[in-house]
Amino acid sequence: MKALESLRHKLNINAELSGQEKNTNKIINKFLEKTNPDVHYKNVGGYGIIAIYKGVEEGKNILLRADIDGLNIPGGRQFSHRCGHDGHATILCGLAMRLGKKRPAKGDVILLFQPAEETGEGSQAVINDPLFQGLKIDTAFALHNLPSFAKHQIVIKKDCFASASLGLKLIFDGKTSHASQPENGNNPQKVVTTLLDAFQKKYENLRNDKHRTILTVTHVVVGEETFGVTPGHAEIWMTLRSQDDKALQNLTNYCIDLCNLKSKESNLRFLYSIHESFAATMNTAEEVEIVKQSAKELKLSINEITDAFPWSEDFGRFGSICPVCLFGLGCGLKHEPLHSPSYDFEDEIIDTGVDMFEKIITLNADTDT
């Protein structure tokens, strides 16, 4: 346990942003080398890592995933692990220690340390990597620590566990003019005002949507900081969320189509871009039962929630290649919330996470047909 705590603290003080996890990669690779994995890929999808421990017999191959990137949150160090990815990675390293001493009975265990979770880019980069594409994966599991839930409690839900989301940047370009002669320009202000009203109405109409689909305007820019020039440029930034990937796509199409229409009516040039795109994390029934049974055998409290979390997790994209399950690991009812400047991972739950993954491996082998 002390070795894992030391590793977690080392990862914590070496936090790096998404896609920049170079030193984190070195720390984890050095640790994994001591466990003698049968296969060790040191750079997958960027700074991601894969360690494979082959089963004594053939069986279902299981992927277990942890994220490794940090955040830039005001109020603390420049870069920090205010979402607990240092703890997630440490849990997987603890599992690697056990697998290094005793290989799985049936089926290969594939440990993935995924980069760039916070931006929603890491999972797809890993999936696209030829090293990953050469693997046979039958099922995949991951965990996320959860403040406001009892310490060591396992939080689970069938179907949608975490929502899909994306950032949508809408850009409108017209023509500036002298502020004394606004008629000589083409000001996008009116279009922006019309769109903001339409987006607010759409938000209100979606309040009872069964997929909890919402849109949130996060940033608006019209013109420059000057008194002498009329606006010729404007932007609207929004976050769109839903518990259903198709519903999210429909909302995205609605926003883009409306902006296209209004821009053409006012002779504005319209552009858009999509950022930080996350798929919904859809837990499959069999994998959920394995998690629940694992918790029962470990005599852990189980909280089977009824509503999906509104936040997003990049693990959801692995659902496109195999059945998946993301579950929560409670870190304390009064624990500081995720992404808070004062958040820190709870070392006490490291062993619980390792125990859960180890039990999941065993039960997964038992379901092999």
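Above this text is the structure in question.
Below, the structure is looked at part by part.

How each quantity is defined
- Residue positions are given per chain, counted from 1 along the sequence in the order it is written.
- Local features in a predicted model are, by the rule used here, given only for residues with pLDDT of at least 70; side-chain atom pairs are given and counted only at 80 or more, and totals for whole chains, interfaces and linings are based on all residues.
- The basis for every side-chain value is the complete set of heavy atoms in the structure, and neither hydrogens nor water enter the calculation.
- Here is the rule: rings of Phe, Tyr and Trp (six-membered ring for Trp) pair when centre to centre is within 6.5 Å. Planes less than 30 degrees apart are stacked, more than 60 are edge-to-face, and the remainder are tilted.
- Helix and strand definitions follow DSSP, with helices as H or I runs of at least four residues and strands as E runs of at least two, each counted in order from the N terminus.
- A fitted line through C-alpha atoms serves as each axis, taken over the contacting stretch for helices, and the angle formed by two N-to-C directions is quoted from 0 to 180°.
- Relative orientations are named as follows: roughly parallel for angles under 35 degrees, roughly antiparallel for angles over 145 degrees, roughly perpendicular for angles from 65 to 115 degrees, and oblique for any other angle.
- Helix crossings are classified by the rotation of the near helix relative to the far one: an anticlockwise turn of less than a right angle makes the crossing left-handed, while a clockwise turn makes it right-handed.
- Whether two residues are in contact is decided by their heavy atoms: any pair within 4.5 Å suffices.
- Criterion for a disulfide: a pair of cysteine sulfur atoms at a distance within 2.5 Å.
- Any carboxyl oxygen of Asp or Glu within 4 Å of a side-chain nitrogen of Lys or Arg constitutes a salt bridge here.
- Burial status follows relative accessibility: with a 1.4 Å probe on protein chains alone, a residue under 20% of its type maximum counts as buried, one over 50% as exposed, and anything between as partly exposed.

All right, on to the packing of aromatic side chains then. We describe a pair of aromatic rings using the distance from one ring centre to the other and the angle between the two ring planes. In the structure shown here, the tally under the stated rule is nine aromatic pairs. Taking the centre distance of 6.1 Å and the plane angle of 75° together, the rings of Phe149 and Phe309 count as edge-to-face. Placement of the pair is Phe149 in the loop between β5 (139-146) and β6 (154-156) and Phe309 in the loop between β13 (302-304) and β14 (324-330), with a sequence separation of 160 residues. Relative to Phe309, the ring of Phe161 lies with its centre 5.2 Å away and its plane at 65°, an arrangement referred to as edge-to-face. Of the two residues, Phe161 is situated in strand β7 (residues 159-162) and Phe309 in the loop between β13 and β14; the sequence distance between them amounts to 148 residues. Ring pairing ties together the aromatic residues Phe149, Phe161, Phe309 and Trp311, which thus form one cluster.

When two helices pack together, their arrangement is given by the angle between the helix axes and the distance between those axes. Closest axis-to-axis distance for the helix α6 (residues 189-205)/helix α7 (residues 245-265) pair is 11 Å, and the angle between their directions is 155°. Classified by the angle between their axes, α6 and α7 sit roughly antiparallel to one another. The two elements α6 and α7 cross, and the hand of that crossing is right-handed. Facing α6, whose interface residues are Val191, Thr194, Leu195, Ala198, Phe199 and Lys202, α7 presents Leu251, Tyr254, Cys255, Leu258, Cys259 and Lys262.

So, about the state of the cysteines. By definition, a disulfide is the covalent link that joins the sulfur atoms of two cysteine residues. Per the counting criterion, the structure on display carries zero disulfides. We note that Cys331 lacks a disulfide partner, and the nearest cysteine sulfur, in Cys83, lies 10 Å from it.

In this section: the pattern of salt bridges. Applying the stated rule across the entire model yields 20 salt bridges. Put simply, Arg269 and Asp173 hold a salt bridge, and the shortest N to O gap is 3.8 Å. Remark: Asp173 occurs in strand β8 (residues 164-173) and Arg269 occurs in strand β11 (residues 269-278); sequence separation between them is 96 residues. Take Arg269: its relative accessible area is 52%, and that puts it in the exposed class. Take Asp173: its relative accessible area is 22%, and that puts it in the partly exposed class. The salt bridge involving Lys262 is made with Glu265; its shortest N-O contact spans 3.8 Å. A residue pair is termed a helical-turn pair when its members lie 3 or 4 positions apart in one helix, as Lys262 and Glu265 do in helix α7 at three residues. Exposure remark for Lys262: the relative accessible area of 24% places this residue in the partly exposed category. Glu265 sits in the exposed class, given a relative accessible area of 52%. Each of Arg8, Asp86, Asp344 and Asp347 takes part in salt bridges that share partners, so that together they form one network.

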